[in-house]
Amino acid sequence: MTPPTKIDTASLLTILGVIAAVWALITPNARLRLRFCLAWWDWAIVGFAFLLSNYLVFAPALKSLGLYFSFGPWKWGLDSSSAVYLISLAVAIYILVRLRNPKLSAGRTRIFLELVENLHLTKRYDDLAQLLAPQLEKLILIINRPVSNRFCDNIGKKLRITNSETAAEHAHEALFNIVSSPELTNHFALAHPSLCLKLIKIESIVRSDFTSNFISALLSSSNSRLYVELKNNLNVSRGHRLLIPKSNRILHFFFSNSKFASDIAIYRDIGEYLYWRLDEEENIISTLNKPLGSYYDVSRYKCPIYTGVTLFEIMVHEGIHQGLQDHLWLHYYKHFATKIIKNMYRQSDEYSGEWETPFHFLLCHLFSVATDWAEQCAWIDEKEIPQENKETDNFDLHYISKEATKLLGTMLQSVLPNHKLTLKSRKDILGMVVSCYIRLKRNKELKDVADSLLIFTTRGEDNSAKLHYRRELLEIFNTLDDYRFRSDAPEFRTAIEFAIQSKQN
């Protein structure tokens, strides 16, 4: 009797053992990711490879049963064992490729949701970012897919939800879990800011506080990309307008299109954050009341208050040059000034320098930026203005600059009567405003802005300035040391005196 051919199952047992060991060791998150990455056809390929391996291993038995089909003798020195190894290697490589480039589909949104929830709950935020980034566009397509397959049951008359709608719900819930978590947003803002910008673009799909949390996270960490971009973004374009190159992704994203900045109300997120810090953050209030030291040269570039003020500066300058008929709530500066004055210590009468503390510097900086806004309209290139802005009803090329003059008037009303500041500081601030008026007056094309500044600084909005302020304004104006203020702007004093008379009457 001929001895039977020996069947070597060692390779199959080794493969099965490895699979069992790996499956026992992988985490639930890894299993979810495996389920998400591999579609049914992937499992079909894996199953076919396994059957083919068994077919080759048990070839002798299949031959005896007449169930084996042969393509001829083995070539290149291969045999069934080496062929099984190559099949296993090819399948392993295929699975690795599929795990690296998974594709989201409507049928896998439930698994995607489970994976997002698990990664979120286990705080594996970097893995979650890696999962989300390539799937974001497809996720939005699934959420926005038109729903047209509703039908009414003939018996129960109940409205049933189709698979398409269920997929959209799962996708929506997954996205909501991501954008509604402040802790996750904080991590993304520092580690994956570019992904955050993509999420902000689609925030209208899932209403949340994501943009607000993102801005708060950036401003709260002096190591964030925002501080790096601002420190390296000091080049001026025209006038006092800063350049915003595309390499500064955050600044370019928010402010290169002022209409977009207005639509998402980015000014509110920045303004409310500064409100909170100036109202409740005792550490920063204490720091800003210390001697100036190196604040102007170094520390201001790491200060959230100065950074927030600078973001407004960039945003409003872009609005001016793009002819936006929206003041972009530059009037937040008035509230910043009020809170700074409230929190600052009384200025020392003996101090003779320009700024005694960071708070004093920030207050003067608010006035400096506001005067820049008022004068920036002289540098507008009308070719740069989008046509849709030009077609706005009652389009005014100087709209935002006039709003800046209104701001200067309201800030002066808070500063000049306040004796926390020395007379010298108040004279310096008023001198800054009067100098702005003189420069505006010299340019005939800016007469409307100069007149607006004169009205709002002497009488206030809707003639609301108090008599006490008007008298204080005249008294400080008369003590200005630079004779140029009185000789080049005699109408300023005339306007103040007229404002006092009209209020008394």
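Given the structure is predicted, the values throughout are model-derived calculations rather than measurements.

Caption draft 1: Looking closely at the overall build of the protein. Looking only at helices and strands, the protein features 27 helices and zero strands. Here the protein, with 505 residues, has 46% of them falling under the buried criterion. Once local pairs closer than 6 in sequence are excluded, the contacts in the protein between residues at least 24 apart make up 73%. For the protein, the exposed surface amounts to about 26,500 Å²; the carbon and sulfur share of it is 55%.

Caption draft 2: View of helix H6 (residues 109-121). End to end, H6 covers 18 Å across 13 residues, agreeing with the expected 18 Å (1.5 Å per residue, within 8%). Among the residues of H6, those classed as buried are Thr109, Ile111, Phe112, Leu113, Leu115, Val116 and Leu119. With its phi angle positive at about 60 degrees, Lys123 sits one or two positions after the end of H6.

Caption draft 3: Quick peek at the environment of Phe359. Tracing the backbone through its elements, the reader meets Phe359 in helix H20 (residues 358-376). Each C-alpha atom, one on Phe359 and one on Tyr306, is 9.9 Å from the other, the two residues being 53 residues apart in sequence. In contact with Phe359, other than residues within four places in its own chain, are Leu278, Ile285, Leu288, Asn289, Ile340, Asn343 and Met344.

Caption draft 4: Geometry of the nonpolar core. Core analysis: the largest hydrophobic core is formed by 137 residues, its most contacted members being Phe188, Leu199, Phe254, Phe255, Tyr333, Leu363 and Trp373. With eleven residues, the top contributor of residues to this core is H20. In this view, Tyr333 contacts Val309, Phe312, Glu313, Leu366, Val369, Trp373, Leu407 and Met411; residues no more than four positions away in its chain are not counted. Of all hydrophobic cores here, the second largest spans seven residues; its members include Ala49, Leu56, Val57 and Val84.

Caption draft 5: Quick look at the side chain of Thr357. Turning to its location among the elements, Thr357 is positioned in the loop between helix H19 (332-343) and H20. Among the polar contacts made by the side chain of Thr357, one reaches the side chain of His360 at a distance of 2.8 Å. In contact with Thr357, not counting residues within four places along its chain, are Leu288, Asn289, Lys290, Pro291 and Leu292.

Caption draft 6: Molecular detail of the packing of aromatic side chains. Inspection of every chain in the model, using the stated rule, returns 23 aromatic pairs. Centroid distance Phe312 to Phe336: 5.8 Å. Interplanar angle 80 degrees. Geometry classified as edge-to-face. With a gap of 24 residues between them, Phe312 in helix H18 (residues 304-321) and Phe336 in helix H19 connect regions that are remote in the sequence. This pair shows no difference in class: Phe312 is buried, exactly as Phe336 is. An angle of 80 degrees between the planes, with centres 5.0 Å apart, marks the rings of Trp355 and Phe361 as edge-to-face. We classify Trp355 as buried; its relative accessible area is 17%. Phe361 gets classed as buried once you look at its relative accessible area, which sits at 3%.

Caption draft 7: How the structure looks around the side chain of His398. Here His398 shows up in the loop between helix H21 (387-390) and helix H22 (399-415). Sequence-distant contacts of His398, defined by excluding residues within four places in its chain, comprise Cys377, Glu445, Leu446, Asp448 and Val449.

Caption draft 8: Structural view of the pattern of salt bridges. In the structure shown here, the tally under the stated rule is 20 salt bridges. Note that Glu491 and Lys441 form a salt bridge whose closest N and O atoms lie 3.5 Å from each other. Here Glu491 is found in helix H27 (residues 490-504), whereas its partner Lys441 is found in helix H23 (residues 423-442), with 50 residues between them in sequence. According to the relative accessible area criterion, Glu491 is partly exposed, its value standing at 26%. Within the structure, one salt-bridge network assembled from shared partners comprises Arg241, Glu318 and Glu384.

What counts, and at which threshold
- Residues numbered from 1 in each chain as written.
- Predicted model: local features only at pLDDT ≥ 70, side-chain atom pairs only at ≥ 80, totals over all residues.
- Heavy atoms only, no water.
- Helix = DSSP H or I, 4+ residues; strand = E, 2+ residues; numbered from the N terminus.
- Buried < 20%, exposed > 50% of the residue type's maximum accessible area, 1.4 Å probe, protein only.
- Contact = heavy atoms within 4.5 Å.
- Areas by Shrake-Rupley, 256 points an atom, 1.4 Å probe, with all protein chains shown as cover.
- Expected span 1.5 Å × (residues − 1).
- Core = buried A, V, L, I, M, F, W, Y, C linked by side-chain atoms within 4.5 Å.
- Polar contact = N/O pair within 3.5 Å; in protein donor to acceptor, adjacent residues only side chain to side chain.
- Phe/Tyr/Trp six-rings, centres within 6.5 Å; stacked < 30°, edge-to-face > 60°.
- Salt bridge = Lys/Arg side-chain N within 4 Å of Asp/Glu carboxyl O.

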